[in-house]
Amino acid sequence: IDWQRSGEYSDIIYETAEGIAKITINRPERHNAFRPQTLFELERAFSIARDDSDVGVIILTGAGDQAFCSGGDQKIRGEDGYMGDDAVAKQGIGRLNVLDLQVQIRRLPKPVICMVAGWSIGGGNVLQVCCDLTIAADNARFGQTGPQVGSFDGGYGSWLLAETVGLKKAREIWYLCRQYDAEEARQMGMVNTVVPLADLEKETVQWAREMLAKSPLALRMVKGAINAVSDGAAGMQQFAGDATMLYYMSEEAQEGRDAFKDKRSPEFDKFPRRP
Ligand code: 2NE
């Protein structure tokens, strides 16, 4: 696949090919740990992929084969969050902006595949859990480290993990901070499939191609429906927005718009009152 790189980024790489966007966290010297800048760039890249109507599937991955992501960069963790280089950080204020990215992935109306080689740890593993599907290489290792390094994720990192692997297993993962190999992660439902490292991208692209052959609106609605249950009112708000979008696409809704513009009464009688 002939990836075409675009955009100016320091911490990530953005590439597209054949309807797929590949977003790579590019800090391999820290096992792709994220800092505020990484997350600003990831948010920008996901936003570009969302708006690009040629893109139907997004792959999130990490540079190299040693790690997908090792979570928040502990070396720039301040007293209230992760310290960036911006004006906010100059006032001594840190950020936890990975939470914004988690929400963005959940609400993005296109499938996101997490492609994991090596470590998927801490806040990196929470990102993995937030993705729609996960393809793991046979060298992948998963775990949460929060209670070991003085952190925790009580949002998606806890209850979405529990929804994914079950309550008892989620407690084990967080309380003991063990690491699990790719096959264990597959058995507990945290990853969809495990492939040899050499085949990781080929397999992930194959999954993306299969989804690209499916109805984009149907995939959008299924993603929204699956997430709506656990995202509560926010999930329903997204699903309701999608219902509005579909309604706008109907002749019935367009009659209301046209009647307003024509300064006449709308003729809704011509539309069936469906059973
Ligand atoms: C991932 C793990 C187990 C890998 O161990 P190993 O032995 O294979 O590699 P090593 O030597 O630890 O790591 C290689 C280099 O990457 C850095 C290391 O410090 C090392 O660099 P040097 O010190 O040799 O120069 N590195 C790795 N992870 C890093 C990190 N997260 N921040 C900064 N540098 C990192 C092992 O590396 C490990 O346990 N890493 C830490 C995992 C971790 O605790 N992550 C944070 C969890 S909290 C979080 O992500 C979070 C949250 O819970 C809630 C909100 C937001 C964030």
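Okay, so let's go over this structure. Keep in mind that what you see is a predicted model, and the values were worked out from it rather than measured. (Residues numbered from 1 in each chain as written. Predicted model: local features only at pLDDT ≥ 70, side-chain atom pairs only at ≥ 80, totals over all residues. Heavy atoms only, no water.)

### Let's talk about the overall build of the protein chain
Stage number 1. The helix and strand tally for the protein chain stands at eleven helices and eleven strands.
Stage number 2. Since a compact globule built from 275 residues should have a radius of gyration of about 19 Å, the 21 Å found for the protein chain is in line with a globular shape.
Stage number 3. In terms of overall dimensions, the protein chain has C-alpha extents of about 65 × 45 × 40 Å along its principal axes.
Stage number 4. Expressed as a percentage of its 275 residues, the buried residues of the protein chain come to 45%.
Stage number 5. Expressed as a percentage of contacts within the protein chain between residues at least 6 apart in sequence, the contacts between residues at least 24 apart total 64%.
Stage number 6. When the accessible surface of the protein chain is totalled, it reaches about 14100 Å², and 53% of it is carbon and sulfur.
Stage number 7. Counting 32 positive and 39 negative side-chain charges, the protein chain places the averaged centre of each group 3 Å from the other. (Helix = DSSP H or I, 4+ residues; strand = E, 2+ residues; numbered from the N terminus. Rg over C-alpha atoms; globule rule 2.2 N^0.38 Å. Buried < 20%, exposed > 50% of the residue type's maximum accessible area, 1.4 Å probe, protein only. Contact = heavy atoms within 4.5 Å. Areas by Shrake-Rupley, 256 points an atom, 1.4 Å probe, with all protein chains shown as cover. Lys, Arg positive; Asp, Glu negative; His and termini not counted. Charge placed at Lys NZ, Arg CZ, Asp CG, Glu CD.)

### Quick look at the nonpolar core
Stage number 1. Within the largest apolar cluster, 46 residues are counted, with the highest numbers of intra-cluster contacts made by Ile 23, Phe 46, Ile 58, Leu 60, Ile 105 and Phe 142.
Stage number 2. Discounting chain neighbours no more than four positions away, the residues touching Ile 23 are Ile 12, Ile 13, Tyr 14, Leu 42, Ala 45, Phe 46, Ile 58, Ile 59, Leu 60 and Thr 61.
Stage number 3. With 16 residues, the next largest nonpolar core counts Ala 117, Leu 133, Val 195 and Ala 208 among its residues. (Core = buried A, V, L, I, M, F, W, Y, C linked by side-chain atoms within 4.5 Å.)

### Brief notes about the site of the ligand
Stage number 1. Close contacts around the ligand come from 22 residues, with Gly 72, Lys 75, Gly 123, Thr 145 and Ser 151 the closest.
Stage number 2. For the ligand, an oxygen atom lies 2.8 Å from a polar atom in the backbone of Gly 123.
Stage number 3. Within the side chain of Ser 151, a nitrogen or oxygen atom sits 2.7 Å from an oxygen atom of the ligand.
Stage number 4. Contact with the protein chains covers 67% of the free accessible surface of the ligand, which is 1000 Å².
Stage number 5. At a threshold of 2 Å from the grid points, most atoms of the ligand map onto the largest pocket. (Near = heavy atom within 4 Å. Polar contact = N/O pair within 3.5 Å; in protein donor to acceptor, adjacent residues only side chain to side chain. 1 Å grid on protein atoms, 1.4 Å probe; cavity = no way out; pocket = protein on both sides within 12 Å on 5 of 7 lines; lining within 4 Å. Sits in = over half its atoms within 2 Å of the grid points.)

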